[in-house]
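# Examining the three-dimensional arrangement
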Amino acid sequence: MDHATALLRAYDTQLRTDAETSSALAVTRLGPLHLARYEGGRGFVTYQDLGRPDAAEVRRLVAGAVEHFRADPSVVRAEWKTRGHDHAPGLHETLLEHGFVPEDPESVMVGDARALAVEVPLPPGVTLRQVTGEADVRAMCRMQAEVFGHAADGGARDADEQLRRLAAGEDLELWVAETEDGRVVSAGRLEPVKGTEFAGIWGGCTRKEWRGRGVYRALTAARARSAIARGKRLVHSDSTEYSRPILERYGFLRVTTTTPYEWSRGPGQ
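None of these values were measured; they are calculated from a predicted model.

## A look at the overall build of the protein chain
Counting its secondary structure elements, the protein chain contains eight helices and 12 strands. Computed over the C-alpha atoms, the radius of gyration of the protein chain is 19 Å, within 12% of the 18 Å expected from 2.2 N^0.38 for a compact globule of 269 residues. C-alpha atoms of the protein chain, sized along the principal axes, occupy 60 × 50 × 30 Å. The buried share among the 269 residues of the protein chain stands at 47%. Restricting to contacts in the protein chain with at least 6 residues of sequence separation, those with at least 24 account for 72%. Roughly 12800 Å² of accessible area belongs to the protein chain as shown, and the carbon and sulfur atoms make up 50% of that amount.

## Things to note about the pattern of salt bridges
Inspection of every chain in the model, using the stated rule, returns 24 salt bridges. Notably, a salt bridge pairs Asp-86 with Arg-16, separated by 2.8 Å at the nearest N-O pair. A residue pair is termed long-range when its members are at least 10 positions apart, and Asp-86 in the loop between strand E4 (77-83) and helix H3 (91-97) and Arg-16 in the loop between helix H1 (3-15) and strand E1 (26-30) qualify at 70 residues. Assigned by exposure class, Asp-86 and Arg-16 land together as buried. With its nearest N and O atoms 2.6 Å apart, the salt bridge here joins Asp-160 to Arg-138. Taken together, the residues span a long stretch of sequence, with Asp-160 in helix H6 (residues 156-167) and Arg-138 in helix H5 (residues 134-148) at a distance of 22 residues. Classification of Arg-138 as partly exposed rests on a relative accessible area of 23%. One salt-bridge network, in which partners are shared between bridges, spans Glu-161, Arg-164, Arg-165, Glu-170, Arg-189 and Glu-191.

## Observations regarding the nonpolar core
Counting residues in each nonpolar core, the largest one holds 20 residues, and the members touching the most others are Leu-33, Val-62, Trp-80, Leu-91 and Phe-100. Counting residues per element, the ones that place at least two in this core are strand E2 (33-38), helix H2 (55-70), E4, H3 and strand E12 (253-264). Considering each element in turn, this core owes the most residues, six residues, to H2. Core analysis: the next-biggest nonpolar cluster, separate from the first, contains 13 residues, Val-131, Met-140, Leu-163 and Leu-174 among them.

## Some details on the environment of Asp-136
Considering the arrangement of structural elements, one finds Asp-136 in helix H5. Through-space distance from the C-alpha of Asp-136 to that of Leu-219 is 16 Å; in sequence the pair is 83 residues apart. A polar atom in the side chain of Asp-136 sits 3.0 Å from the side chain of Arg-129.

## Section: the pairing of E4
Taking burial as the measure, the seven residues of E4 include seven buried ones, the bulk of the element. Of the two faces of E4, both are covered, the one formed by Arg-77, Glu-79, Lys-81 and Arg-83 as well as the one formed by Ala-78, Trp-80 and Thr-82. Two elements, strand E3 (residues 42-46) and E4, share four bridges in a ladder whose sense is parallel. Of the residues in E4, the one forming a bridge with Arg-42 is Arg-77. Handedness of the crossover joining E3 and E4 through H2 is recorded here as right-handed. In this sheet, E12 lies alongside E4 in antiparallel orientation, the contact comprising seven bridges.

## With respect to the side chain of Gln-162
With respect to the element layout, Gln-162 can be found in helix H6. Leaving out residues up to four positions away in the same chain, Gln-162 has contacts with Val-137, Cys-141, Leu-172, Leu-174 and Arg-189.

Rules used throughout
- Along every chain, residues carry numbers that run from 1 in the direction the sequence is written.
- Totals for whole chains, interfaces and linings use all residues, but because this is a predicted model, local features are given only for residues with pLDDT of at least 70 and pairs of side-chain atoms are given and counted only at 80 or more.
- The side-chain quantities take in all heavy atoms of the structure and omit both hydrogens and water.
- Where helices and strands are cited, they refer to DSSP runs of H or I of at least four residues and of E of at least two residues respectively, numbered from the N terminus.
- It is over C-alpha atoms that the radius of gyration is taken, and the globule rule equals 2.2 Å times the number of residues to the power 0.38.
- Residue burial is assigned from relative accessible area. The probe radius is 1.4 Å, only protein chains are included, and a residue is buried under 20% of its type maximum, exposed over 50%, and partly exposed in between.
- Contact criterion: two residues are considered in contact whenever any of their non-hydrogen atoms come within 4.5 Å of each other.
- Here the accessible surface of atoms and residues is derived via Shrake-Rupley with a 1.4 Å probe, and residues count as covered only by protein chains that are part of the display.
- Salt bridges are defined by distance alone: a side-chain nitrogen of Lys or Arg within 4 Å of a carboxyl oxygen of Asp or Glu.
- Side-chain atoms within 4.5 Å are what join buried Ala, Val, Leu, Ile, Met, Phe, Trp, Tyr and Cys residues into a set we call a nonpolar core.
- What qualifies as a polar contact is a pair of N or O atoms within 3.5 Å, subject to a donor-acceptor requirement within protein and to the restriction that residues adjacent in sequence count only when both atoms come from side chains.
- A pair of strands is labelled paired if DSSP reports no fewer than 2 bridges between them.
- For a crossover, the right-handed case is the one in which the path from the first strand over the helix to the second runs clockwise, viewed with the strands pointing away from the viewer.

Everything listed here is a matter of geometry and, on its own, says nothing about what the molecule does.
Shown next as structure tokens:
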């Protein structure tokens, strides 16, 4: 087994299990599907392996998932998380037929945490720190919303979710890079995955004018050092085309791709 195959196997067997929905309020099983419900009216669909379904079985699973979420009035939107290496004939077309909208595909990157835990010099006046206070978390989420183009609510919904998770004692760390005047220029979170060798790095982004200056690399290195201190050997990330080359530079491999498909409850549904 080559290294990339071994990493993909670790990803599939350790992460695509109950570990992926550990913070959900409730999880319902529909065959191989895990249908999760979270605070804020969010649903989520994932699975470790669909087996070898034909197109008719895929259609049955998608219809069942949508029916499940429609029957729960607390769920106003849901994500179906696909992976590029899964056998799922007709899944894209079936998701579209049921009102799901695909977002941009991302690369699933996996590698050794030690490879990321390097010393990276920061530009003058920029510092890194972990944040937990409400004002800091909201400033972080506002910046992320601006960079990702989700500025309609100024990151308020995401900030509410992260603050709820912190208050509930969930195991996550929120990190920012900021200038001397307190302006957040880069941010991301670390999520150690209980019962596995993995920690995830999520939400990483940097303001355009600060890219290419080592800020994101330093932020990533800080999260990797924290993951190692928590006993984690591997790091995984769903990476955009901005962050993927940074991880590749440190020996991370793209083991597959992931595309989120988003469903929203329509009027009267």
